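Structure at a glance
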Amino acid sequence: MFTKKSHADVKKSTAKLQDCKKDSASRLRHLRMILDNVELEESKSLFETNYSHVYFILYDTFIQAEANLKQKVHKAHREELDGSLWLLDKILCLLPELLARRWQCHSLSRIMAKLLHLGNSPKLRREGVRYFLLWYQTLGENAPGYVHAMYADLIPGLIVPQKGVVGPDTEFSASDFLTHPNMKADGGMASVFHDNAFSHPVQSSEVVALLPPSSSEKSAPPDPRDGLEVLLNSMVHTAACLRWRDNRAQKDHRAFAFLLQRFMDVFLPVFSPNFDVSCSIYNPRLDLPVMRSIHKKEEVMASCVVVLINWVSRFTHERLLSHRLDCTLHIEDVDHVRLQGYQQGLIVRDVLYVSRENINFVHEVYRQAFLLNFTSKPQIEAIRTAIAVYRDWMTGETPPPFLLEPNDDPPPQSTAGGTPRSQRLRTPSYVGAIAGSKDQLAVRAGRQNVLQVFVTNAANVFLVNTANLNICFPTRSRSYRSTPLEEQTEICKKVLNVYRTMVMNTEMDSRTWEQLLMVLLQVTSVVLHQNQHSLPSGTSKSATLGGILGSAIFQTLIVTWIRAHTKVPVNVQLWEKFLNVLQSLTHREELIVEWNKTIQTLTRVFSRYTYCINLQDLPLDRVAESRAEKRRRIGSVWQGSGSGSAANGGAASAAISQNRQRESLAESSSSRSEETSSQAPLANHPRPHHQHSQSHGGTGHGSRPVPLTPMLSRSYSEGSLASAARSSRIRRRRAATPKPKVLQPPEMGENRSNPQDLRRAMSLDSLARKGEAEETDSYQEGDNESGAGSRSPSPTASSGIEGGSIKDAHLQIDASLDDANSGSYGSGSNSGSVSGRRCIILGGSAEGWHPDSTSIMWKRMLGALGDVNRIPKADLHAQVFMHLLEMTQNLIKIKQNQGISTDNQSTPPMPTLVPPIGIVAPWCYGSLSLDRSFKKGKLWALQLLCSLAIQGAVGMQQLPLFYHALHQLLTGEDRDLIYAILKHLEGPRLLSLLLPGHTLLLLDLVHASAILLTSLEVSRSTPRAEVAALLGSLLCYPSSLLPRPVLQPSPQKFELMECPDLQDHILNIVLRCARREPSAKARCIALSQLGQWLLMRLSQPLSVSSSSGKSNMFQQAVPHHKDVHPKETQVYNPRIKEVLQVLLQALQFKHHTIAMVAVDSLKLCAERGHQLASIERVPQLIITAICKALEIQNVTKPKDSDKVVLTSLMLCLGEFCMAIPAPIMLAPFNEQEDTLVLQVLRVLLQVASGAPRHERVKLTADDDFDMHIAHDDLQGDGRLPEATYQTSETIQKCITAIKLCAKAVSMHLVTHVGHFPMGIGASRLSSMVEEQDDIGSCAYGGQVETRRDSVDLPSVVSAQNMQLFMLSSGLVASFIELPTLKLPGGGITAGLVTAEKQVRVLMRDLNGKACWDASILYSEPRKLEEVPPKTTPKIHQSQPLDSMVSSMVAHELQAPRHTLRHRPAGVLPLAKDMAPDLDQLDDMLAYIGHTSPECVAPTVSQLNAPSSSPLSGNQEAQAISVILNQRLLEQEYVTHSTQAPSPALRHASSSSSLQQPDQRSVHSATASFDSLPTRTEMPFQYCRLLFSHLGLAGWERRSRTHLLQRSEKLMRELRNVDLQKCRETHKMAVIYVAPGQEDKGSILRNTSGSSTYEMFVSALGWEIDLETHNGFLGGLPRQGCGATAPYYATPFLEVVYHVATRMPSDSSEAMLLKTRHLGNDEVHIVWSEHHRDYRRDILPTEFCDVLIVVYPLRNGLFRVTVNRKPEVPWFGPLANESVVSGACLATLIRATAINASRTKRAALPLYQQFYEERNRSLDSVSSRYKESTTFEDFASRIYNPMPLSTLGTLRESNASSSAAPLASALLDHNRASVKGWVQASIDSGPIMGIAPSASAGSTAAMEAAAGMASASPRGPRKLGAPFKSVTKKHSLQQIVVGGGGGAGGDTPPESPTLPQRRFK
């Protein structure tokens, strides 16, 4: 370390040092040389040996330097003085033993006095203070009095009162001189200082300054702060500087302890007179601090206190000490000075901690810090320092000794912290003396005492009023200067942060908790009251400490209060004081806000622990499919991940079940905290964890035992609450933490008594009543709570509560309990003691949250404000009730989420505990009696009461109060309260609650509703729609349910009165509402209700009593036959016409939604057309008004909404025209003899043609009808779709759609007026006949092919007896010539002489498809006996056909028969009953089979049924083909060889051929004629006749009539046209929910419902058989989804209901199919008998745009709710909430569902109506397949539809589809090649060479063979059908030959011209 020179140099210097002859300067120089070359111990020995020489050198050099400085201050002279002072320092440090014996005491005192002179420079004086302290601590208690006096003068400016004589020279004693070293003769040398005369000491000269300050150092008068700071620093710098011979460590500590004690005795009482030396942390005095004032006189002394505080903090602040050590050790070359400086700090710290007195001194110093007054920046920093010291003490890794518990072992030493590591720098003797000393146990005070002292002392920072100080402090920002109030605010935030850290993180005993509570109560009371009363009323909140920190103080108090109750038992007197403080501060808004936050958080905890429901992750949210992603991301509390939001600082969710991993808990929690891992946990001894068990009992609040259900999963523990921020650090400190076991899901008790007991709250008496709560985030503070402009820094990584912001320490009421909530009722699952593990609040020992503790604390905090109706401020009163309402809504959420199915497959049982929803009802009733200034609060209270009533939480005991309050307010004068009641009772919802006696209020409600509706107040808050719905429901009440006595609407008295005309009164109000209502939604509801009233009055005439019993609960409107009219003898309500007029006037509304609702309401009456017709002039009124409305709404530039309204009006007009009896429609009704049909068609023509109106149509509404809407509340929700912009293209599209609708309606009326339903029922408007029916053959043996989707198109395309025309645009006609169909009994031509062929005309247009069969009539019936029957073979060959195909007859065909007539199966055929058209054998077989069924073989259905062929179908067909082919060849040969007709006959006209007798039999006539040899017959002859007779073949019609190109594509297009619906179609789901069902699985498994439900379904429509139904099926398959389904049809629409109970559910495939059908429906009708409302997410689907739910009520009525998605516009007639009677329920539900479906479709952007789709398909046919031909070609194609060559080509191309390959092989060798279209014109020569007869005949034979399969050519699948007789085959063959244009003698010549085209 030191470079040493040779030993000789040291000796030489030593000798020179001892040479007295040398001058002192040389001797000093040699002394320096010696000290530089020897060790410290040698130096000490040198000084002890030569102390006299050394001191002489000191004194001499000092005197010389003093003398020189007096002459002139020169640098050399200053260096001389420095050398002298260096030697003084060495003497003081190396000779402590001599100095302690007062060696050279007086001389040194003179030197010290000169150094300490106030005239010296500050630097020299600082050195002097240091030298004096070195000397003073050496002397210690042995110092003389004048030295003590010199010590008292060390601080200039601080006047210390002296005891005894003052002066250094007056106090002498003999012992001083005798023991003085100078008195001993040394070598005969006399003393250089004193006279040897004992009694005459040398008198001192005046002490003057040695070195006056330089010009730059001259300053103001001495400041005590500087002197104090110099003194304290010098005390530190002199520590450990003395070199004693023995036990240096103890000497150093004692020396510094002496200085500290002298400082405490001398100076401390002077500058800190309030310093309490009796303060002790071992027996703390915890007097609550009081308010103090600021005295300016104390400011100087306070600055000295600040210096002391800062000095003490340097050695007691652990973090600063550690930091200094780290800085020292991290420097490579550590010098001795820096290391010694650190050791000096440790000595000071150890001395401060060495005794109780010194520790008490430290704490008292910090108490003085908290008592500072914020008048200077150093004071503020000192307070910050004190807070930081205490904070680090509590959170440091190695606590100071006084924080250790007296009875605990010392903590193990580690090398991790700063203090233990520093002990390596000390000597072993010191470590053994200090650390191992038993005396150290005496200084242990324990953490709780220190916490109590800090809590009490720190509260002083709140209790000084700085608001009036006019001081500003500079800050880092030059533009901003802070005020004392702002600084005090920041300091108070820091204190509150430490309090919060203690509350959340620190383990405290009962006394500490109580002290903290009392201090917080004191602070809250004094600060908030003092600030309230000491300032004028106009002062802003930010001008007072209470105004800025009120929220934070309240929050800290409340959360501390709640946490204390979960940790320790709290004195009851404290609770009362807490209540008194809060109740006295209810005038502060901050209290209300914090109370609300507390209630929100407690409600969440309450829900979580008592009801096992997490309000932040509700089961309903988890069930909904829209929340699936969120559920996966956040996780639920049951899966164990945190449910709080880390982003918004929410608290970690509490550990309800201990299936969480502690690591995940800590990580999720720490993400929400800003504290970091440097804080050490305070819980050094982790508590054991226990398993969970379910609770089976407990004690309620008070002493009343209340059973606890097994549903409450209890979680108890003995550990402390660990904050979310410190969970990770706690985890690291705990060595062995057993992993908690997964909590099994709690099971419900199985033995239950009755449902009411199940729903009774059973946990505590706080649950016996009803209550509520709200879901919120945990406690978090925003910037508004930490004060505006808060400059508090954010928490740093080194300390969790470094900053002053309130945000730094989170207060979490529901903090995650790391080791709390982890136990059970014992150490194991089989614990026996239940009462010993009760929660602390009930006298048990279990800490943390539990169901009973949460319930009690929730109720206590709910009442913490006292009676809320005593809150003085009206706005705060309203705020409280608003928060109570939010809390109630959260409790309602809890109730709604109880018993929710999580898997949607089974419904859990009802919960035993229900939340106390109505607990705040008494406050609500009390608030209603307050004066008018509390109106806002009364409004919130009313809303709360109405919510309770709707939830059924108003019990029988409260009903009188509830009715009393409603009656007084409804009849009072305050309209706002009236409106609030009407709004929050939700209109008809009150009626559906069926509260006992609620009908007493009906007149009050009607009275209040009239007031509301007659007022002009229109706003969002005015419940006009709800009122209209309420009145409408009452309007349609059955008369039997109307109340007899009601309360008289006067507020003062309660008297009952009769009101028999209540409904008339309501009708007047609703009529006025429909006429004058300024709100759009209310106007819509009123119009809908009027429509319901009309329907009810038309359904129940006055002569018929109202429905009695369930048999009349539903009425079903089934379309009647056109000839059947119900009896119309009833008398109807006389006001029907008046109501109708209002509805009809509303049709003219320019507000399109209202017009649409009016149309919907009017359509309801269309079902009662016959009843309307019986009322005078009503039909004419309706038709005329709709026509006028059409004219008014028909604007020139329509938009989409105009299109919707106009089409609805026209369809409504069509419905009424169909509903009103045809005679009325056709009867003239005015002087011009106009009929209603004429008027309708005239208007429709005007709309369809788009004819301009020559005069402006005026509105026909009367003056009382307001056509304007002041408040359009349908603007955002429920409005019809509107294009954002309008172009000419969109306008044209709308015009086209409107015209098309008018055309469709007019065509519909022309076709169907008086003709609906048709013969096949209401399910069809179009014919089902197609072109291919009956072309090739009729039914062979009755086997009819029912599949119409596998048509052999080529055979239809190539048919010779058919032609297709386009008669006009949109009208396609098919003319088909067929053999006469022989109907049973002869049909319509029975007995008439007709041709043997008939013409079938199929016409397709916009209206559908029509089919007509025409027969030409020749003569009247003849007598049978006039013409005897001839038996020529040809007559027998032409046996008549069987009956019509099945598509023409609705009934199922009987077994095939040969003849026309048959006896019934049970009639015995007798000989006397014989007739030519009866088959005796066939009837006998039928009789035997009927009367003796045992004779019928099992494989045979009937005895007279033909047996199947023994051959296979193909073989039989081949044989038949060969036979027929051979017969045709022979017949052709005979014909051509015997007859050669002339060409003239071949070209005979149709008229000449008519004159020739027919070669076949005449229909229904037995006479026949001989066929002429020259007779020719064409396959299209009669069609051509009919076409010509109808005037379609003329030249003038040629411009509109065109041929269609026959091809397979055309036939497919026609089939597509046939598939297009002719009516509007809707499909709807009907679902039944049984009681107790709330999940998808059990609901879909229902196969039947209640009787009322079945009646309802049957009234929705009529049942159809899915297999045989020929109308709209709505996607239902004919098999697999049940046998039947309800179906409903009118002339303009069809509805199919997908009824869930009709569909099978016996397999997973069936369930899947059912779910698909129901889920794809846009409208769901749900019949729910469950006690809770049906939810949309029970059957999750992307569709279900409208949900209609029907709830049967106990009184026979039905509650109906209509829930629509936001994009669906408004519709009627049922609004969102309605109460409907059973008489019209099905009709209203059906109409509402249809309107919903229609409205939903209308809102789609590209949706097309049914007529638009059909028109598009017809246009496609017309545009693609219209054939442009000349008139000649057109005429020739009428004459011969398919020329022979064309036919041959088609046959050739389709040969592969012939009947049998064998027939093809037989025919191919005779077939001539046909080369397509080979000629353009035909000569007049013979035809023999042109048409090869064999080829033509063979082709005809092939077609005959193929045609025998079925009624229409459908391929060879059924060729195996049995044949009855050869004659039938021959007749069929002849028909086919004729139809196919086969060659023969009677084959007409080909057409003169052939069309120039090819068939592909």
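Residues numbered from 1 in each chain as written. Predicted model: local features only at pLDDT ≥ 70, side-chain atom pairs only at ≥ 80, totals over all residues. Heavy atoms only, no water.

A few words now on the overall build of the chain. When helices and strands are tallied, the chain shows 69 helices and 20 strands. When contacts within the chain are restricted to residue pairs at least 6 apart in sequence, long-range pairs at least 24 apart make up 77% of them. When the accessible surface of the chain is split by element, carbon and sulfur atoms take 54% of a total near 82600 Å². (Helix = DSSP H or I, 4+ residues; strand = E, 2+ residues; numbered from the N terminus. Contact = heavy atoms within 4.5 Å. Areas by Shrake-Rupley, 256 points an atom, 1.4 Å probe, with all protein chains shown as cover.)

To continue, consider the packing of helix α24 (residues 545–567) against helix α33 (residues 851–862). Closest axis-to-axis distance for the α24/α33 pair is 11 Å, and the angle between their directions is 150°. Between α24 and α33, the angle is such that the two are roughly antiparallel. When you trace α24 past α33, the crossing you get is right-handed. In contact with Ile-558, Trp-561, Ile-562 and His-565 of α24, α33 contributes Met-857, Arg-860 and Met-861. Here the contact of α24 with α33 is built from residues that sort into five nonpolar, one polar and one charged. (Axes fitted to C-alpha atoms, helices over the stretch in contact; angles between N-to-C directions. Parallel < 35°, antiparallel > 145°, perpendicular 65-115°, else oblique. Left-handed = near helix turned anticlockwise from the far one by under 90°. Nonpolar A, V, L, I, M, F, W, Y, C, P; charged D, E, K, R; others polar.)

So, about the pattern of salt bridges. Taken as a whole, this structure holds 48 salt bridges when the rule is applied. Among the salt bridges present, the one from Lys-597 reaches Glu-594, with a minimum N-O distance of 3.8 Å. Of this pair, Lys-597 and Glu-594 are both found in helix α26 (residues 589–610), three residues apart, which corresponds to roughly one turn of the helix. Its relative accessible area of 0% is what places Glu-594 among the buried residues. A salt bridge links Glu-1331 to Arg-1404, with the shortest nitrogen-to-oxygen separation between them at 2.7 Å. With Glu-1331 in the loop between α51 (1288–1312) and α52 (1353–1357) and Arg-1404 in strand β8 (residues 1397–1405), this residue pair connects regions lying 73 residues apart in the sequence. Taken individually, Glu-1331 and Arg-1404 each receive the classification buried, so the pair is uniform in this respect. A single network of salt bridges, built from pairs that share partners, joins Glu-41, Lys-44, Glu-48, Glu-97 and Arg-245. (Salt bridge = Lys/Arg side-chain N within 4 Å of Asp/Glu carboxyl O. Buried < 20%, exposed > 50% of the residue type's maximum accessible area, 1.4 Å probe, protein only.)

The six strands are arranged β9-β8-β6-β5-β11-β20 in an open sheet whose pairing can be described as antiparallel. The open sheet has two edge strands with one neighbour each: β9 (1408–1414) and β20 (1826–1827). Looking at chain direction, strand β11 (residues 1602–1604) and β20 are connected through two bridges and run antiparallel. Paired with Leu-1603 across the strands is Glu-1827, a residue of β20. (Pairing = 2+ DSSP bridges.)

Here strand β19 (residues 1777–1780) shows no split at all, with Glu-1777 and Val-1779 on one side and Ser-1778 and Val-1780 on the other all buried. Two strands pair when backbone bridges link them, and strand β18 (residues 1758–1764) and β19 are joined in this way by four bridges, in the antiparallel orientation. If you follow Val-1760 over to β19, its bridge partner there is Ser-1778.

Okay, the nonpolar core next. Ranked by size, the top nonpolar core spans 407 residues in total, and within it Phe-132, Phe-267, Phe-361, Phe-462, Tyr-499 and Phe-962 carry the most contacts. In terms of residues, this core owes the most to one element, helix α43 (residues 1080–1099), which gives twelve residues. Apart from the residues within four sequence positions on either side, Phe-462 is in contact with Gln-488, Cys-492, Val-495, Leu-496, Val-523, Val-527, Leu-545, Leu-549 and Ile-553. One finds Val-1357, Met-1366, Leu-1378 and Cys-1411 within the second-largest nonpolar core, a separate group that totals 21 residues. (Core = buried A, V, L, I, M, F, W, Y, C linked by side-chain atoms within 4.5 Å.)

Residues Trp-1662 and Ile-1664 of strand β13 (residues 1662–1665) are buried on one face, while the alternating residues Glu-1663 and Asp-1665, pointing to the opposite face, are not. For β13 and strand β14 (residues 1684–1690), the ladder comprises four bridges, and the chain directions are antiparallel. Paired with Trp-1662 across the strands is Tyr-1687, a residue of β14.

According to the stated counting rule, one finds 42 aromatic pairs in the structure shown. Ring centres 4.5 Å apart and planes at 20° place the aromatic pair Phe-1365 and Phe-1587 in the stacked group. Taken together, the residues Phe-1365 in strand β5 (residues 1362–1368) and Phe-1587 in helix α58 (residues 1581–1589) connect sequence positions 222 residues apart. Among the residues examined, Phe-1587 registers a relative accessible area of 1% and is labelled buried. By the ring-pair criterion, three or more aromatic residues cluster together here, those being Phe-132, Trp-135, Tyr-136, Tyr-151, Phe-258, Phe-263, Phe-267 and Phe-271. Across from the ring centre of Trp-86, 4.3 Å away, lies the NZ or CZ of Arg-32, which sits over that ring. Its guanidinium or amino end placed over the ring of Phe-1265, Arg-1083 lies 5.5 Å from that ring's centre, counting from NZ or CZ. (Phe/Tyr/Trp six-rings, centres within 6.5 Å; stacked < 30°, edge-to-face > 60°. Lys NZ or Arg CZ within 6 Å of the ring centre and 35° of its normal.)

Take the side chain of Gln-1239 next. Examined against the element boundaries, Gln-1239 turns out to sit in helix α50 (residues 1236–1249). Residue contacts for Gln-1239: discarding those within four places in its chain leaves Ile-1183, Thr-1184, Cys-1187 and Phe-1229.

Next up on the list: the state of the cysteines. Inspection of the entire model under this criterion finds zero disulfides. Here Cys-1165 stays unpaired: no disulfide links it, and the sulfur of Cys-1212, its closest cysteine neighbor, is 9.0 Å away. We classify Cys-1165 as buried; its relative accessible area is 0%. (Disulfide = S-S within 2.5 Å.)

The next subject is helix α38 (residues 975–984). Within α38, seven of the ten residues are buried, which leaves the element mostly enclosed by the surrounding structure. Looking at α38, one finds that the buried residues are Leu-977, Ile-978, Tyr-979, Ala-980, Ile-981, Leu-982 and His-984. With its phi angle positive at about 60°, Glu-986 sits one or two positions after the end of α38.

Right, let's get into the confidence of the model for the chain. Residues of the chain with pLDDT of at least 70 account for 69%, and the chain-wide mean is 73. Of the regions scoring below 50 in pLDDT, residues 816–836 engages in 82 contacts with residues more than four places distant in sequence or in other chains. With pLDDT under 50 throughout, residues 1103–1112 is counted as low confidence; its partners more than four residues away or in other chains account for twelve contacts. (pLDDT = per-residue confidence, 0-100.)

On to unusual backbone geometry. Geometrically, the link from Phe-1316 to Pro-1317 is a cis peptide bond, its omega value of -5° lying close to zero. Tracing the backbone through its elements, the reader meets Pro-1317 in the loop between α51 and α52. Here the bond from Gly-1772 into Pro-1773 is cis, since omega is 0°, no more than 30 degrees from zero. Backbone geometry at Cys-612 places phi at a positive 55°, although glycine is not the residue there. Along the polypeptide, Cys-612 turns up in the loop between α26 and α27 (619–623).

On to the sheet that holds strand β17 (residues 1746–1752). The sheet built from eight strands is open, its strands ordered β13-β14-β15-β12-β16-β17-β18-β19 with mixed pairing. Every interior strand has two partners, whereas the edge strands, β13 and β19, have only one. Neighbour-to-neighbour, the strand axes of the sheet open up by a mean angle of 30°, direction not taken into account. Where β14 lies against strand β15 (residues 1693–1699), four bridges are found, and the strand directions are antiparallel. Bridge pairing in β15 places Tyr-1688 opposite Val-1695.

Let us now look at helix α7 (residues 105–115). Burial within α7 is extensive, with ten of its eleven residues counted as buried. Considered for burial, the residues of α7 that qualify are Cys-105, His-106, Ser-107, Leu-108, Ser-109, Arg-110, Ile-111, Met-112, Lys-114 and Leu-115. Where α7 is buried, its residues touch α4 (51–71), α5 (75–94), α6 (96–100), α8 (122–139) and α9 (145–152).

With respect to the helices and strands, the residue Arg-444 is situated in the loop between α20 (428–434) and α21 (447–458). With relative accessibility at 5%, the residue Arg-444 sits in the buried group. Within the local environment of Arg-444, its side chain forms a polar contact with the backbone oxygen of Glu-405, the two atoms lying 3.3 Å apart. (Polar contact = N/O pair within 3.5 Å; in protein donor to acceptor, adjacent residues only side chain to side chain.)

On to a negative patch on the surface. On the surface, Glu-79, Glu-80, Asp-82 and Glu-127 cluster together into a patch of negative charge. Broken down by element, the residue count for the negative patch peaks at three residues, all from α5. When you line up the elements, Glu-80 lands in helix α5. (Patch = residues over 30% accessible without salt bridge, like charges linked within 9 Å, V, L, I, M, F, W, Y side chains within 5 Å. Lys, Arg positive; Asp, Glu negative; His and termini not counted. Charge placed at Lys NZ, Arg CZ, Asp CG, Glu CD.)

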